[in-house]
Amino acid sequence: MLNVFGYTGAESAKVLDEKQGKQIAAHTFVIYRHTNVYAAVCRKEGYELQQYPKEFRASFGTEIDELFRKLAPYGISLAELERDLVDEEAARAIEKSVYDEL
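Everything quoted here is computed from the prediction, not taken from an experiment. (Residues numbered from 1 in each chain as written. Predicted model: local features only at pLDDT ≥ 70, side-chain atom pairs only at ≥ 80, totals over all residues. Heavy atoms only, no water.)

A.B. asks: Whenever I open this one, the pattern of salt bridges confuses me. Can you help?
C.D. replies: Side chains that differ in sign of charge can pair as their charged atoms come close. Across all of its chains, the model carries 6 salt bridges by this definition. Here Arg-69 ties to Glu-66 by a salt bridge, and the two come within 2.8 Å at their closest N and O atoms. Of this pair, Arg-69 and Glu-66 are both found in helix α3 (residues 61-71), 3 residues apart, which corresponds to roughly one turn of the helix. We note a salt bridge from Asp-100 to Lys-96, for which the minimum N-O separation is 2.8 Å. Of this pair, Asp-100 and Lys-96 are both found in helix α5 (residues 88-101), 4 residues apart, which corresponds to roughly one turn of the helix. Owing to a relative accessible area of 53%, Asp-100 belongs among the exposed residues under this scheme. (Salt bridge = Lys/Arg side-chain N within 4 Å of Asp/Glu carboxyl O. Helix = DSSP H or I, 4+ residues; strand = E, 2+ residues; numbered from the N terminus. Buried < 20%, exposed > 50% of the residue type's maximum accessible area, 1.4 Å probe, protein only.)

A.B. asks: Any chance you could explain the environment of Glu-45 here in plain terms?
C.D. replies: When you line up the elements, Glu-45 lands in the loop between α1 (18-44) and α2 (51-59). On the accessibility criterion, Glu-45 (57% relative accessible area) is exposed. A polar contact of 3.1 Å, which involves the side chain of Glu-45, links it to the side chain of Tyr-99. (Polar contact = N/O pair within 3.5 Å; in protein donor to acceptor, adjacent residues only side chain to side chain.)

A.B. asks: Help me out: how do you make sense of α1 in this one?
C.D. replies: Given 3.6 residues to a turn, an α-helix orients residues that are three or four positions apart in the same direction. Here α1 is 27 residues long and its end C-alpha atoms lie 36 Å apart, about the 39 Å a rise of 1.5 Å per residue gives. Within α1, the axis deviates most sharply at Arg-33, by approximately 40°. A positive phi of about 95° marks Gly-46, the residue just after α1. (Expected span 1.5 Å × (residues − 1). Bend = angle between axes of the 7 residues up to and from the residue.)

This is the structure in structure tokens:
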């Protein structure tokens, strides 16, 4: 069973070792931050950020594809993992860190 910081995936999935689970979670947070949070923060400030998320995906497509390959055996999409890992508290912390950067 996939267990990443409390997220439990498909029941038939094999157990991930702790290191791989942490790597998947870290990559998920980075992708979420750059493809969702930057755009959301800019939108709140009155600017529709469109190009940066696309450029991030293009620049890191290989790494993002690798994450998809790691998740595929568990029947979990990146969007599902983001929803499960990024609770309200994590979302606020990530948003605050983006505001702090800007």
